[in-house]
Amino acid sequence: MLENSQIKFISEIKTKVRNAQYEAMKAVNVALISLYWEIGKSISESQTENWGKSVVATLSNELQKEFPGVGGFSVGNLWLMAQFYSEYQSDINLVPLVREISWTKHITILKKCKDPKEREFYILSTRKFGWTKNVLIHQIENKTFEKYLVNQTNFDETLPEKIKNQAILSVKDEYIFDFLGIEEEHSEKELEIKLIQNIRGFLLELGSDFSFIGNQYKVAVSDKEYFIDLLLFHRRLQSLVAIELKVGEFLPEYKGKMEFYLNLLNDKVKLSHENEAIGIIICKSKDRTIVEYSLKSSNLPIGIATYSTSEKLPKNYQKLLPNNEELSEKFDNYIKNLKE
């Protein structure tokens, strides 16, 4: 039977080994990306020599013969290296990031994202939050970048630095509840019941790390009982998440009710090691200007989202985007916080 001191000793050694393995993997990745960057640069420059595209096929054959068993030198991958270099080398924001994530994740971003700011967003977010390739693909296909730019929360002003970016990414601007099979006209109770009956689909639509605690969650004060539509917990944020469902348009008074719930949760339900509770009000529709004015006066973290029961996303997110100055400021703040 091992003594506690021996268990601690062994645990510390295991941690050192894991850290060393992680650092070794990082070093290998940096060396590999650096190599691919240089190969891409050479291929791009070779195209000015009038050798034609066949030189890349020749190069692929020679490299595979010279380095048998070493992957990554297919014709397709060599052209991706050239594209990687040519599209990133002139962007002063992207160049410093080329060694921050793995090649497979870079290729995912390169293929699926064309806007430089969008690429910067996903590179830094992948590094910061440790997204796997599959999670990264899900984030891109789920339009996380666009939804971040249009989502309406006050998290920048109300949450601590250590969790606010993760919290912002955890709240969508619109949720798609196409799995409910519900009539277009429905009550809040019907919506709640359907979401509970389809809890797996609901949690998948919300995003990773959400756990279900209960519906019509009771909190009491002054011998009176109040009921929160849905109460969740976000593991990564270590925060309770209160959700209120509204089948009509957002009204400013909804914010006051959510603040009341958040204060109760923080005082009576939140554990000492957890962060403050977060509120999400999900409505059928919203006037974005009214939402902005409503959130200005709140010192508690609240997000206002909409929902749809069809699979169609808004046709054109561009119409929802803030003006260029506001968009640039919001994006720059996010990137600055990630880098810090």
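Residues numbered from 1 in each chain as written. Predicted model: local features only at pLDDT ≥ 70, side-chain atom pairs only at ≥ 80, totals over all residues. Heavy atoms only, no water.

In the annotation of an unreviewed UniProt entry, the entry for the protein chain reads PDDEXK nuclease domain-containing protein, and the organism field reads Chryseobacterium kimseyorum.

### A few points about the UniProt feature "domain: YhcG N-terminal" (unreviewed entry) in the protein chain
Our working rule: UniProt positions are given in the numbering used here, feature names are shortened, and annotations may be inferred rather than shown by experiment. A run of H or I in DSSP becomes a helix once it reaches four residues, and a run of E becomes a strand once it reaches two; helices and strands are each numbered from the N terminus.
The UniProt entry lists residues 12-147 under the feature "domain: YhcG N-terminal" (unreviewed entry), expressed in the numbering used here. With 73% helix and 0% strand, residues 12-147 has end C-alpha atoms that lie 42 Å from one another.

### As for the packing of aromatic side chains
Our working rule: Any pair of Phe, Tyr and Trp rings, taking the six-membered ring for Trp, is counted once the centres come within 6.5 Å. Such a pair is stacked with planes under 30 degrees apart, edge-to-face with planes over 60 apart, and tilted for the rest.
Taken as a whole and assessed by the stated rule, the structure comprises 16 aromatic pairs. When the ring of F177 is compared with that of F179, the centres are 6.0 Å apart and the planes differ by 65°; the resulting orientation is edge-to-face. Ring centres of F177 and F202 lie 5.8 Å apart, and the angle between their planes is 70°; this geometry places the pair in the edge-to-face category. Linking F177 in the loop between β2 (174-176) and α10 (188-197) with F202 in helix α11 (residues 199-206), this pair joins segments that are 25 residues apart in sequence.

### A closer look at the pairing of strand β5 (residues 239-249)
A regular strand carries its side chains on alternate faces of the sheet. Threshold: Exposure is judged per residue with a 1.4 Å probe applied to protein chains only, and the accessible area is read against the type maximum: over 50% gives exposed, under 20% gives buried, and values in between give partly exposed. Note on pairing: two strands pair once DSSP finds at least 2 bridges between them. Handedness is read with the strands pointing away from the viewer; a crossover is right-handed when the path from the first strand over the helix to the second is clockwise.
Extensive coverage of β5 is indicated by the burial of eight of its 11 residues. Taking the residues between adjacent antiparallel strands as the criterion, strand β4 (residues 224-234) and β5 are bridged by four residues, where Q238 takes a positive phi near 55°. Of the strand pairs in this sheet, β5 and strand β6 (residues 275-285) are connected by eight bridges, and their pairing is parallel. Bridging from a neighbouring strand, L245 pairs with I282 of β6. For the crossover that starts at β5, traverses helix α12 (residues 253-268) and ends in the parallel β6, the hand is right-handed.

### Section: the environment of I182
Here is the rule: The contact definition used throughout considers only heavy atoms, calling two residues in contact when any of these lie within 4.5 Å.
Note that I182 resides in the loop between β2 and α10. Since its relative accessible area comes to 17%, I182 is described here as buried. For the pair I182 and S310, spaced 128 residues apart in the sequence, the C-alpha separation amounts to 9.7 Å. Contacts of I182, omitting those with residues within four sequence positions, involve E190, L191, K194 and T309.

### Examining the packing of helix α5 (residues 116-129) against helix α9 (residues 161-170)
Rule in force here: Interaxial angles span 0 to 180 degrees and are taken between N-to-C directions of axes, which are lines fitted to C-alpha atoms, for helices over the stretch in contact. Each crossing gets its hand from how the near helix is turned against the far one by less than a right angle, where anticlockwise is left-handed and clockwise is right-handed. Ten residues, namely Ala, Val, Leu, Ile, Met, Phe, Trp, Tyr, Cys and Pro, are considered nonpolar, four, namely Asp, Glu, Lys and Arg, are considered charged, and the remaining ones, Gly among them, are considered polar.
Relative to each other, α5 and α9 sit at 115°, their axes nearing to 12 Å. Crossing handedness for the pair α5 and α9: left-handed. For the pair α5 and α9, the contacting residues are F121, S125 and F129 in the first and N165, Q166 and L169 in the second. Considered class by class, the residues forming the contact of α5 with α9 number three nonpolar, three polar and no charged.

### Focus on the side chain of D209
Our working rule: Polar contacts, as used here, are pairs of N or O atoms within 3.5 Å; protein pairs need one atom able to donate a hydrogen and one able to accept it. Residues neighboring in sequence count only if both atoms are side-chain atoms.
Turning to its location among the elements, D209 is positioned in the loop between α11 and β3 (210-221). A polar side-chain atom of D209 sits 3.0 Å from a polar atom in the side chain of R236. Discounting residues that sit within four places of it in the chain, D209 has contacts with F233, H234, R235 and R236.

### Overview of a nonpolar patch on the surface
Applicable threshold: Residues form patches when they are more than 30% accessible in relative terms and have no salt bridge. Like charges link within 9 Å. Nonpolar side chains (Val, Leu, Ile, Met, Phe, Trp, Tyr) link within 5 Å. Accessible surface is estimated by sampling points in the Shrake-Rupley manner with a 1.4 Å probe; for residues, cover comes only from the protein chains shown. When a carboxyl oxygen of Asp or Glu is within 4 Å of a side-chain nitrogen of Lys or Arg, the pair counts as a salt bridge.
Together, F9, I10, I13 and V17 line one region of the surface with nonpolar side chains, adding up to about 340 Å² of accessible area. Among the secondary structure elements, F9 is positioned in helix α1 (residues 4-46). A residue is classified by how much of its surface remains accessible, and F9, at 53% relative accessible area, is exposed.

### A few points about the pairing of β6
Counting buried positions along β6 gives eight out of 11 residues, so the element sits mostly inside the fold. Pairing of β6 with strand β7 (residues 302-308), which is carried by five bridges, proceeds in the parallel orientation. Counterpart to I280 in the pairing with β7 is G303. Handedness of the crossover joining β6 and β7 through helix α13 (residues 288-296) is recorded here as right-handed.

### Quick notes on the nonpolar core
What counts, and what does not: What we call a nonpolar core is a set of buried Ala, Val, Leu, Ile, Met, Phe, Trp, Tyr and Cys residues that are connected through their side-chain atoms within 4.5 Å.
Residues Y88, I109, Y122, Y175 and I243 are the most contacted members of the largest nonpolar core, which totals 66 residues. The next biggest cluster of nonpolar side chains, apart from the first, holds 21 residues, and it includes Y261, L264, A277 and V291.

### Details of the environment of Q197
Topologically, Q197 is positioned in helix α10. We classify Q197 as exposed; its relative accessible area is 57%.

### Describing the pattern of salt bridges
Applying the stated criterion to the full structure yields 14 salt bridges. A salt bridge links D209 to R236, with the shortest nitrogen-to-oxygen separation between them at 3.0 Å. Taken together, the positions of D209 in the loop between α11 and β3 and R236 in the loop between β4 and β5 put the pair 27 residues apart, joining distant regions of the chain. Across the salt bridge formed by K255 and E259, the nearest N and O atoms sit 3.9 Å from each other. Placement of the pair is K255 and E259 together in helix α12, with a separation of four residues, close to one helical turn. Residue classification places K255 among the buried positions, given a relative accessible area of 10%. The buried category is assigned to E259, whose relative accessible area is 16%. Among the charged side chains, a network of salt bridges with common partners joins D156, E161 and K164.

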